[in-house]
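Listed below are the residues making up each chain.
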Amino acid sequence: MKSSNFFLISFILFILFWVLFLFKPFLMNIAIASLMAVSTSNVNVKFLNIFKGKKVIAAAATTAFMLALFFIPFVYAIIELAKAASGFNISYIHNTIEYFKNYSLHLPESLSFIEPKIKEALASIDLNSISKDVLTYLSSATKFGTKFLTDMVLICVFYFFANLYGAQLIGYIKTIVPMKKEETQGILSEVSNVMSVVFYSMVLNAILQGVLFAIITKFYGYDAILMGILFCFSSLIPVVGGALIYVPVSLYEFANNNLSGALVIFIYSVIMISFIADTLVKPYIIKWINEKLVQIPTQINELLIFFAMIAGISSFGFWGIILGPAILTFFISTLKLYVILKEKHFV
């Protein structure tokens, strides 16, 4: 009996190794798609009820809904940026740089010692070098964008199948784990709830930041919808975040002799959006979602989830905002599983 069990386990591990090796290039995409499916399982349940249990149609509707949530604003932003780029004159960059080079700082006497260094730094700016750097960055951005788009397509495909077969997979897990179904369901629910909290808090916080930036830019004559969408997406980018948008906008206002506007946009963005909305308000958004939107509130502290998101971004980049809390949750759930199995003398 022991030899047959050993053979069966060895054979399963052997097959698992080759399956993982087969899908090695797509493991990250599969992981992200699976976690997103877990995060939005309540949406899929809604569509299952609407379509009376037709799994294929419900999974397709869930995928289309989530795709539209991100894709439609993204396409709008691309179209508007393409329109702006078609009428863009490269000489404007040259005029802006010359403006900064010739700008009189009028620093207070106590800070006058740094004025020569600032002027020296501005004088060293070379438009040709900047043009080459811009082309290099655009090339890198194009490659990154192509890879990102490919990843998104694959994630959408795997997301569809995760919604389609997720319930069956969870049912299978419940049968092979040496625990009561109620205990297994409790651990799986904890993982699902945490991922739902992470996903919805990420989306709501990004929307909040986009709305706040749209409000301030509307006062200065910008396309508020476009600015809001751009800021919304840029807020999801690790490290730099919304600075990709508010810094160029502030410099643009400054170059157009609107010093007060440049300062207002910059200070407003740093304090109101980057500090208050992104740092102080986000834990409360997580707490509110945990209490109001998920079926069973998670027992993991909201600040712990927040720091797991930050740590995930530092370790994995953009997708770390999902992977970080998932790893933390699985770790805590594994500890709970170990305690339960130890009490039942399985370990």
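Refer to the structure printed above.
Even after reading the chapter, I still don't get the overall build of the chain, so can you show me in this structure?
Helices and strands together make up the secondary structure of the chain, namely 13 helices and zero strands. The N-to-C order of helical and strand elements in the chain reads α-α-α-α-α-α-α-α-α-α-α-α-α. Buried residues in the chain amount to 33% of all 347 residues. For the chain, restricting intrachain contacts to residue pairs at least 6 apart in sequence, the fraction spanning at least 24 positions comes to 69%. Approximately 21,500 Å² of the chain is accessible, and the part contributed by carbon and sulfur atoms is 73%.

When you look at the nonpolar core in this model, what are you seeing that I'm missing?
The nonpolar side chains of a soluble globular protein tend to be buried, and buried together. In this structure, Met 36, Phe 199 and Ile 322 are the most contacted members of the largest nonpolar core, which totals 36 residues. Those elements that place two or more of their residues in this core are helix H2 (27-39), helix H3 (41-50), helix H4 (55-86), helix H7 (127-176), helix H8 (181-218), helix H11 (259-292), helix H12 (302-316) and helix H13 (320-343). Examining the composition of this core, we find that 10 residues originate from one element, H8, more than from any other. Leaving out residues up to four positions away in the same chain, Met 36 has contacts with Ile 155, Tyr 159, Phe 199 and Ile 322. Of all hydrophobic cores here, the second largest spans 17 residues; its members include Leu 212, Phe 213, Leu 226 and Met 227.

Please explain the packing of helix H9 (residues 224-234) against helix H10 (residues 243-255) as it appears in this structure.
Geometrically, a packed helix pair is captured by the angle between its two axes and the distance between the axes. Remark: H9 packs on H10, axes separated minimally by 8 Å, with the N-to-C direction vectors making an angle of 135°. With respect to their mutual orientation, H9 and H10 come out oblique. Facing Met 227, Leu 230, Phe 231 and Ser 234 of H9, the residues of H10 in contact are Leu 244, Ile 245, Tyr 246 and Val 249. Of the residues in the contact of H9 with H10, the class split is seven nonpolar, one polar and no charged.

What is the right way to read the packing of aromatic side chains from this model?
By convention here, two paired aromatic rings are described through the distance between centres and the angle between planes. As enumerated under the stated definition, the model contains 12 aromatic pairs in all. Ring centres of Phe 213 and Phe 231 lie 4.6 Å apart, and the angle between their planes is 20°; this geometry places the pair in the stacked category. Of this pair, Phe 213 sits in helix H8 while Phe 231 sits in helix H9; the two residues are 18 residues apart in sequence, bridging distant segments of the chain. Note on accessibility: Phe 213 and Phe 231 belong to one class, buried. The rings of Phe 14, Phe 17, Trp 18 and Phe 21 are connected pair by pair, giving a single aromatic cluster.

Explanation requested: unusual backbone geometry in the structure shown.
Both trends apply: most residues other than glycine have a negative phi, and most peptide bonds are in trans. Despite not being glycine, Lys 52 shows a phi value in the positive range, around 55°. Counting through the fold element by element, Lys 52 comes out in the loop between H3 and H4. The class of Lys 52 is exposed, set by a relative accessible area of 78%.

Teacher, can you tell me more about the side chain of Thr 217 here?
With respect to the helices and strands, Thr 217 occurs in helix H8. Classification of Thr 217 by relative accessible area gives buried; the value is 0%. Each residue touching Thr 217, except ones within four places of it in the same chain, is listed here: Tyr 222, Ala 224 and Met 227.

Is there a simple way to think about the environment of Phe 51 in this case?
Of note, Phe 51 is situated in the loop between H3 and H4. Sequence separation between Phe 51 and Ala 61 is 10 residues; the distance between their C-alpha atoms is 9.5 Å. Dropping the residues within four chain positions of it, Phe 51 is found in contact with Ile 57, Ala 58 and Ala 61.

I keep staring at H3 and nothing clicks. Help me out?
Turn by turn, an α-helix covers 3.6 residues, leaving residues three or four places apart pointing in a common direction. Those residues of H3 that fall on the buried side of the exposure criterion are Val 43, Asn 44 and Phe 47. Take H3 and look down its axis: the buried residues cluster within an arc of 100°, on one side only. Every exposed residue of H3 that faces more than 90 degrees away from the buried side is listed here: Lys 46 and Asn 49. Remark: Lys 52 follows H3 within two positions and exhibits a positive phi of approximately 55°.

What counts, and at which threshold
Residues numbered from 1 in each chain as written. Predicted model: local features only at pLDDT ≥ 70, side-chain atom pairs only at ≥ 80, totals over all residues. Heavy atoms only, no water. Helix = DSSP H or I, 4+ residues; strand = E, 2+ residues; numbered from the N terminus. Buried < 20%, exposed > 50% of the residue type's maximum accessible area, 1.4 Å probe, protein only. Contact = heavy atoms within 4.5 Å. Areas by Shrake-Rupley, 256 points an atom, 1.4 Å probe, with all protein chains shown as cover. Core = buried A, V, L, I, M, F, W, Y, C linked by side-chain atoms within 4.5 Å. Axes fitted to C-alpha atoms, helices over the stretch in contact; angles between N-to-C directions. Parallel < 35°, antiparallel > 145°, perpendicular 65-115°, else oblique. Nonpolar A, V, L, I, M, F, W, Y, C, P; charged D, E, K, R; others polar. Phe/Tyr/Trp six-rings, centres within 6.5 Å; stacked < 30°, edge-to-face > 60°. Arc of directions from axis to C-beta.

These results come straight from atomic positions and should not be treated as a statement about function.
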